[in-house]
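# Structure assessment
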2 protein chains.
Amino acid sequence: MRLSRYFLPVTKETPADAQIVSHKLMLRAGLVRQTAAGIYAWLPIGFRVLKKIEQIVREEQDKAGAIELLMPTIQSADLWRQSGRYDAYGPEMLRITDRHEREMLYGPTNEEMITAIFRDAAKSYRDLPRTLYHIQWKFRDEVRPRFGVMRGREFLMKDAYSFDLDEEGARLSYYTQLLAYLRTFQRMGIKAVPMKAASGPIGGDLSHEFIVLAQSGESEVFYDSAFDGFDWQQSEVDYGSAEDLSRLFDQVSGMYAATDETHDQARWNQVPEARRREGRGIEVGHIFSFGTKYSASMGMTVQTRDGGQVHPQMGSYGIGVSRLVGAIIEACHDDNGIVWPDAVAPFKVGLINMRADDPACASACDDLYRRLGAAGVETLYDDRDERGGAKFATMDVIGLPWQLIVGPKGLEKGIVELKQRATGERHELSAESALGRLAAA
Amino acid sequence: MRLSRYFLPVTKETPADAQIVSHKLMLRAGLVRQTAAGIYAWLPIGFRVLKKIEQIVREEQDKAGAIELLMPTIQSADLWRQSGRYDAYGPEMLRITDRHEREMLYGPTNEEMITAIFRDAAKSYRDLPRTLYHIQWKFRDEVRPRFGVMRGREFLMKDAYSFDLDEEGARLSYYTQLLAYLRTFQRMGIKAVPMKAASGPIGGDLSHEFIVLAQSGESEVFYDSAFDGFDWQQSEVDYGSAEDLSRLFDQVSGMYAATDETHDQARWNQVPEARRREGRGIEVGHIFSFGTKYSASMGMTVQTRDGGQVHPQMGSYGIGVSRLVGAIIEACHDDNGIVWPDAVAPFKVGLINMRADDPACASACDDLYRRLGAAGVETLYDDRDERGGAKFATMDVIGLPWQLIVGPKGLEKGIVELKQRATGERHELSAESALGRLAAA
C-alpha cells in the first residue's frame, strides 16, 4: 500500500481523554476513531489488525473442530424470556423497541439464541457433540465506557458454545477449547495465562479466564512461571484423543495461576519462590461449562443411544477480539509507539523513501515495493514527499515489525538500511539481501 | 468437512411463510434460520456462501483502489442531525435510547459517519481522491419484512464512499466503481446489468442500479442483449487511466438498460428488436454521485492546490452482500434445489459414500477425502450411515457444483461416479481421474 493513496491519520497529540497507553497509541497511530461514547470506527490499519486477530481465532477454532456460523446482532426479547434472563439482565443490555412496538435487544451474548437454533435442529445423540461458534459484534451499555476498545460498548467477540450428551463429553469439549485458546494466544505473539475463575455449576474446575499480563490490567494476578516454558503450538496433543486432552488439562491445572478473586495463599506458598510471578493482567478470554442451565430452561432435549431423553451439557467460550487489539498494545509497546508481534501487524514492512523528490531514489523504492509485493510481503510504502524525520516517527508509532529505509547516499553505494522495530537494530545491506531477509522473516 | 460432525439442518418441508424460491431453498437447504421477523442467523453453509461473496466484493474493491475500514453499527443521532437526515428519515430507522437517555440509532447507511471521519482527518488536496469502504451489518426496520434475506431487516452491505476535489475527479471515481461492480458480479457467476437509475444532484447520468435478472424480481427491466457479450474481467481497462475509464463508461451508457422507473420507450424502439430483452430483476447494487450534499451540510472542506477551500464531491456505492445470496439462488436453481456458481459455492465437491457401513467403501472415501483436501478442493463428505437416496437429495438441494459418488460395486471395478450438479451429467471414471478433474476444475 502506498501511503500517498492510503488513509492513515496519525497525530502527534496525546488525546486528553485517553488514560491508558493502548488507548493513546490507538488514537495517535490512527487505528481507531471514537464515533460515540465507547463506540469506535476501525480505521484502515486498525481494521487490518482486527482482521488478523479474527483470522487467527477462526483458524484455531476450525482446527479444534468448532463449526462457524453467524448469528445476528439484534435479538428478540422473547428469546431471553425463555431462559429467564431478560428481566435479570441489568442496564448493560441495550433494549430496543421496533416500529411495531416489539421488544428487541442488541445481543450482549448468544447462549439463548444458539440454544434455540440447535434445539430446533438437533434431536438425536448422532447430532452431538458439536461446538458452534461465531465472530460477531456485541453491545454492552457500560455505564462508564473507558480505556478505548478495552471497555467499549460495541465490541467484537468470538463466542463458541458446546453441546454434549453427558458431563464426560462436556469435559472433553472444554479441554479442547482450552488447548485451542492456548494455541490461539501463542500464535498472536502474546502470553495469556489461563487462571482459575469463579466456578460454574458443574465441576468447580471448569472455568478459566485467560489473562494477558500488563501493568494497566484490571486484575491482580499470581502465577507459576513454569507456564512460560510451554510451546502449545508444538505440543503433541491430538484433539481427537480423550487421553491427550485430559493429560493437558492436568498439566495446566497443576500449575498455580489465579486472579485476586480466586487467589489461595496456602497453595501459592507451595509454589517455589523463584517461580512465583505477581502482577496485573487483562482478561482476553473466558471459558466455562454451565451444564444444563440453558438446555433445561429452554426445553432442549436429545434422544440418547438407548432411547432416553436428556438435556445436553453446555459450555461457552469467549474471546474478546477487539479488546485484544488494546491488550496486545498494552503488552507490546515502547516509548516511541506500538511494537506489533509479527502475526498481528497490519503490514510486515514499512518501506521509507527518504527522498521522494529524487527520481533515482523513487525508482529504486518503486522497484523494491513491487518485488516485496511479488514475494507476498505486506508492505506499507511511504512514498510521500515528507521529511525523513516525520516518516520515521510515523513508522515507529504504528509499529510495523520492519522498516526498510532507502536514501540517495546509500543507493550510490548500493546499500539500504533495515531496521527491526522491536530491537531498534539497524543493518546496512544490499537491496537484494534485504529482500531475501524480509521474504524469509 | 465430514457431514457426521457438521451442522447442516436440511428439511424436506417447504416452509409455509416462504413465498419465493430463494427463501424456500435457503430454509430447506439449511442456509439460514429466522430468529425474529426479517432477522436471520446464517447457519454454517449459508455463512460460507456469505463469506465467499463478501471476499469477492472485497478483492474487487481493493483492486479498484478503495480502502477498507470498519464503522460501527450503532451511531449517534447527533451525527445525523448534522446532515439534517435524522428527522427526515422515516420509521425504517431503528431508533434507540441508551441508558443515559442519549438518542442513538442502528445505522441504515453511513454517509454521515464517513463524512465526519474523513472531514476530521483530511485537510488538503493531497489527501484526495480517496474511496473508503466497509462491509458491515445494517438495519432497516421494514414495515413488512419478506422474501427471506432479500428484504430482511438486518442485512450485510458493502458501502463505499468517494471523496474528490472536483466533478471531473468524482466522475472518474464513479467510473472506477462501475467497472469494479461489473467485475465483481461477473466473478460471482451471475449477470448483473447496470441500469440507469433516477438521477442524482450532479450529472443525471451518474446513477446506476445493478440488476440481476430473475422472475421474482421487484422491477420490470429492459436491456440491450449486447451487454451479454462482454467479459469485464478481461477488458483491458486500467483503473489509473482516465481515458480507459471514460471509454468504458461511454460503452456502458451506449447500451440501453433501464428499469420501469427510467424506461424510455422512444430510445427502446431504437434497439434492434432481436437484441431487446425484457424481464424482471432484483437490485443487488446501486452507485451514485451526490456532489457536495454531505460535505457541505457537514462542513467538510479541504484546501486546494492554489490555496482555496472546497467541499469535496462525493459518491456512494452499495452492494447488498446478504441480499446477493438470495438473488444468486433466484438466478441459479432448478427443481431439485440450488445450483451454485463455482465461485460462491459453500464447498466445491460433495463426496458421497453410498455404503458407510462397508469398510472398503469407507476406507476408499476417507482416502479420497484426504486427497481432495491435500489438493485444496473444498469438500463436504457425506460419511453418515444413511441411505443413498437421502444423500443424493441433500446434495442436490444444497447445490454443490460437483458430486463424487462412491459405492462398493463401482469400487470393485475401480470406478467412481462424478456428477455435475448444473447439467446433471454423470461420468464413470477412476478415482485418480476424478481427483485430477476436480483439482483442475
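Residues numbered from 1 in each chain as written. Chains lettered and ligands numbered in written order. Predicted model: local features only at pLDDT ≥ 70, side-chain atom pairs only at ≥ 80, totals over all residues.

A few words now on the interface of chain B and chain A. Chain B puts 41 residues into the contact, and the matching count from chain A is 41 residues. Sorting the residues of the side of chain B that touches chain A by element identifies strand S1 (32–36), strand S2 (39–42), helix H2 (44–63), strand S3 (67–68), strand S4 (74–76), strand S5 (94–97), helix H5 (111–121) and strand S7 (130–139) of chain B as the ones contributing at least two each. Looking at side-chain class alone, the side of chain B that touches chain A contains 28 nonpolar, five polar and eight charged residues. (Contact = placed C-beta atoms within 7 Å. Helix = DSSP H or I, 4+ residues; strand = E, 2+ residues; numbered from the N terminus. Nonpolar A, V, L, I, M, F, W, Y, C, P; charged D, E, K, R; others polar.)

Okay, the packing of H2 of chain B against helix H10 (residues 321–331) of chain B next. Residue and element names in this part refer to chain B. Two elements in contact, H2 and H10, have axes separated by 9 Å at closest approach and are oriented at 115°. Considering the angle they form, H2 stands roughly perpendicular to H10. Here H2 runs over H10; the crossing is right-handed. Mapping the contact onto sequence places Gly 46, Val 49, Leu 50, Ile 53, Glu 54 and Val 57 in H2 and Val 321, Ser 322, Leu 324 and Val 325 in H10. A class-by-class count of the residues in the contact of H2 with H10 yields seven nonpolar, two polar and one charged. (Axes fitted to C-alpha atoms, helices over the stretch in contact; angles between N-to-C directions. Parallel < 35°, antiparallel > 145°, perpendicular 65-115°, else oblique. Left-handed = near helix turned anticlockwise from the far one by under 90°.)

For the rest of this paragraph, the subject is the nonpolar core. Ranked by internal contacts, the top residues of the largest apolar core, which has 262 residues, are Leu 404 of chain A together with Leu 404 of chain B. Contact partners of Leu 404 of chain A, with chain neighbours within four places excluded, come to Val 349, Leu 351, Ile 352, Leu 368, Val 416, Leu 418 and Ala 434 of chain A. (Core = buried A, V, L, I, M, F, W, Y, C linked by C-beta atoms within 7 Å. Buried ≥ 20, exposed ≤ 12 C-beta atoms within 10 Å, placed from the backbone.)

Residues and elements named next belong to chain B. Mapping Arg 48 onto the fold places it in helix H2. On the basis of neighbour counts, which here come to 21 C-beta atoms within 10 Å, the residue Arg 48 falls in the buried class. For Arg 48 and Val 284, which are 236 residues apart along the polypeptide, the C-alpha to C-alpha distance reads 19 Å.

Take the sheet that holds strand S19 (residues 349–353) of chain A next. In a beta sheet, neighbouring strands pair by backbone hydrogen bonds and run either parallel or antiparallel. Residue and element names in this part refer to chain A. Read from one edge of the open sheet, five strands run S20-S19-S21-S22-S23, paired in mixed fashion. Edge positions in the sheet fall to strand S20 (379–382) and strand S23 (426–429), since each of these pairs with one other strand and no more. Strand-to-strand twist in this sheet, taken as the mean axis angle between neighbours without regard to direction, amounts to 20°. Pairing analysis gives four bridges linking strand S21 (residues 402–406) to strand S22 (residues 416–420), with the strands arranged antiparallel. (Pairing = 2+ DSSP bridges.)

We now examine the sheet that holds strand S21 (residues 402–406) of chain B. Residue and element names in this part refer to chain B. Pairing within the open sheet is mixed, and its five strands lie in the order S20-S19-S21-S22-S23. Each of the sheet's edge strands pairs with one partner strand only, and the pair in question is strand S20 (379–382) and strand S23 (426–429). Strand after strand, the sheet turns through a mean of 20° between neighbouring axes, direction not considered. Its contacts with the sheet place helix H14 (residues 431–440) against strand S19 (349–353), S21, strand S22 (416–420) and S23, and it is angled at close to 25° to S22.

Here we come to the domain arrangement of chain A. Residue and element names in this part refer to chain A. When the domains of chain A are assigned, the result is domain 1 (9–338) and domain 2 (347–440). Taken together, the contacts link seven residues of domain 1 with five residues of domain 2. Considering only residue class, the side of domain 1 that touches domain 2 consists of four nonpolar, two polar and one charged. (Domains from an automatic or database assignment.)

All names here are of chain B. Following the sequence through the fold, Val 416 ends up in strand S22. The sequence separation of Val 416 and Pro 9 amounts to 407 residues, and the corresponding C-alpha distance is 27 Å. Those residues in contact with Val 416 that lie beyond four places of it in its chain are Leu 404, Ile 405, Val 406, Gly 410, Leu 429, Ala 431 and Ala 434.

Residues and elements named next belong to chain B. In this structure, S4 lies alongside strand S6 (residues 103–106), joined through three bridges in antiparallel fashion. Bridging across to S6, Ser 76 finds its partner in Met 104. Here S5 runs beside S6; their pairing, made up of four bridges, is antiparallel. The residue bridging Ile 96 from the neighbouring strand is Met 104, located in S6. Hairpin connection from S5 to S6: five residues lie between these consecutive antiparallel strands, with Glu 101 at a positive phi of about 65°.

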